[in-house]
Amino acid sequence: MAETASRPERPESRYGNRPTMKDVAARAGVGLKTVSRVVNGEPGVTPDTERRVQEAIDALGFRRNDSARVLRKGRTASIGLVLEDLADPFYGPLSRAVEEVARAHGALLINGSSAEDPDREQELVLALCARRVDGLVVIPAGDDHRYLEPEIAAGVATVFVDRPAGKIDADVVLSDSFGGARDGVAHLIAHGHRRIGFIGDQPRIHTAIERLRGYRAAMEDAGIAVEEEWMSLGATDPDRVEQATRTMLSAPDPVTAIFAGNNRVTVTVVRVLAGLPRPVAFVGFDDIELADLLQPGVTVVAQDAAQLGRTAAERLFRQLDGASDAPERIELPTRLIKRGSGELPPAG
């Protein structure tokens, strides 16, 4: 008779099999209610029994599952942060500031990146809501946030940062993009420049449009007519920005100065200018690392990313603490930092 080979048992995964309160109760020789009292710090347990339960907890590596507490209390002590790009240096201090405020309020921060995709933003925001975060800090990628109305009505506190929400009333904390860009371009004009290029982000982005508006306002204030070829908005990838920079500088009547609309544009423009035989005046919006060590140092319009995050998070926890203020627009000032590149006169 043929022998049937026995199928080897599938090894049990070491992951996903967390010890439960039942496991603790069995090991300690007590009931579930007793374990619950010890875990939640409730009275009614003798010191000897509490010791046995704690020993079982330590031996098993048990951690309390807060899901049931969420159902009882309606709060998760967690907030969500939706960024544009986790790799962008601008969002590091902003995220850290939000986290510090959350920690001071005993809350956990969960963050994710929209990659500047409105659909991904909505998917991420709703996934965080499904995990019952108490509140959201959102740097929006899209321009229609009506999908959030049911969540806000259900009690999810929400604050937008860097850009306003689209088609809903909500708190927003912004830098003065218009005023900062106007000041930066006016600074170049004060140093003798009249042909000034503007390279910015995609025109659907609020900050890009506000900074372009500030550029135009400074030029108009100085009585300078802006040529279309002096302005370039689009993706901030290095190839596109480098091409825009070289096009402006190689025109028959080239620009003598450039204003960059954000930190990613600034980095690429600096690299292009470093390879040129003649100096070109330059001011960037957003500070960049090592800007003061370059020759010349990079003049920038700096915004306080940490203060943006801190202000938004504090506003969020005001909502969670019961404040019933009307939605507010908070605009933080920028600061012009002169380091040399923005003080160069026109060549020739």
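Residues numbered from 1 in each chain as written. Predicted model: local features only at pLDDT ≥ 70, side-chain atom pairs only at ≥ 80, totals over all residues. Heavy atoms only, no water.

J.: Could you give me a rundown of the domain arrangement of the chain, with the residues and numbers involved?
T.: You can read the domains of the chain as domain 1 (2-64), domain 2 (76-175 + 306-332) and domain 3 (177-303 + 335-343). Spacing between the C-alpha centres of domain 1 and domain 2 amounts to 38 Å. (Domains from an automatic or database assignment.)

J.: Account for helix α3 (residues 47-60), naming residues and giving values.
T.: Each α-helix turn comprises 3.6 residues. Residues three or four places apart therefore point the same way. Relative to the 20 Å expected for 14 residues at 1.5 Å per residue, α3 spans 20 Å between its end C-alpha atoms, a close match to the ideal helical length. Buried within α3 are the following residues: T49, V53, A56 and I57. Taken down its axis, α3 places every buried residue within 100° of arc, on the same side. Every exposed residue of α3 that faces more than 90 degrees away from the buried side is listed here: P47 and D58. Looking at the buried positions of α3, the neighbouring elements they touch are α1 (21-28) and α2 (32-39). Just beyond α3, the residue with positive phi is G61, at close to 75°. (Helix = DSSP H or I, 4+ residues; strand = E, 2+ residues; numbered from the N terminus. Expected span 1.5 Å × (residues − 1). Buried < 20%, exposed > 50% of the residue type's maximum accessible area, 1.4 Å probe, protein only. Arc of directions from axis to C-beta. Contact = heavy atoms within 4.5 Å.)

J.: I'd like to hear about the sheet that holds strand β5 (residues 171-175), residue by residue, with values.
T.: What the 6 strands build is an open sheet, ordered β2-β1-β3-β4-β5-β11; its pairing is parallel. Two strands close off the open sheet at either side, each with one partner strand: β2 (108-113) and β11 (329-332). Between one strand axis and the next, the sheet turns through 15° on average, direction left out of account. Here β5 runs beside β11; their pairing, made up of 4 bridges, is parallel. (Pairing = 2+ DSSP bridges. Axes fitted to C-alpha atoms, helices over the stretch in contact; angles between N-to-C directions.)

J.: Tell me about the packing of aromatic side chains, and please be specific about residues and values.
T.: Inspection of the entire model under this criterion finds 3 aromatic pairs. Judged by centre distance (5.4 Å) and plane angle (40°), the rings of F198 and Y215 are tilted. Of this pair, F198 sits in strand β6 (residues 196-200) while Y215 sits in helix α9 (residues 206-221), and the two are 17 residues apart along the sequence. Residue class for F198 comes out buried when judged on its relative accessible area of 0%. Both rings, one in F198 and one in F259, keep their centres 6.1 Å apart while their planes meet at 15°; by these two values the pair is stacked. Of this pair, F198 sits in strand β6 while F259 sits in strand β8 (residues 257-260); the two residues are 61 residues apart in sequence, bridging distant segments of the chain. Here the two residues F198 and F259 agree in accessibility, since each one is buried. One aromatic cluster in this structure is built from F198, Y215 and F259. Above the plane of the ring of F285 lies R211, whose end atom (NZ or CZ) is 3.8 Å from the centre. Cation over ring: R213 sits above F178, and NZ or CZ is 4.1 Å from the ring centre. (Phe/Tyr/Trp six-rings, centres within 6.5 Å; stacked < 30°, edge-to-face > 60°. Lys NZ or Arg CZ within 6 Å of the ring centre and 35° of its normal.)

J.: Residues and numbers for the pairing of β2, please.
T.: Two strands pair when backbone bridges link them, and strand β1 (residues 78-83) and β2 are joined in this way by 6 bridges, in the parallel orientation. Considered in β2, the bridge of L81 is made with N111. With helix α5 (residues 91-104) bridging β1 and its parallel neighbour β2, the resulting β-α-β unit is right-handed. (Right-handed = clockwise from strand over helix to strand, strands pointing away.)

J.: Outline the sheet that holds strand β12 (residues 335-337), listing residues and values.
T.: As summarised here, the arrangement of the 6 strands in space is β7-β6-β8-β9-β10-β12, forming an open sheet in which the pairing is mixed. For this open sheet the edge positions go to β7 (231-233) and β12, each flanked by a neighbour on one side alone. Taken over all neighbouring pairs, the strand axes of this sheet differ in orientation by 15° on average, direction set aside. Where β6 and β7 come together, 3 bridges link them in parallel fashion. Bridging from a neighbouring strand, G200 pairs with L233 of β7. α9 rests against β6, β7 and β9 (281-285) of the sheet, and its axis sits at about 170° to β6. Each of β6, β7 and β8 touches helix α10 (residues 238-249); the most contacted strand, β6, lies at about 170° to it.

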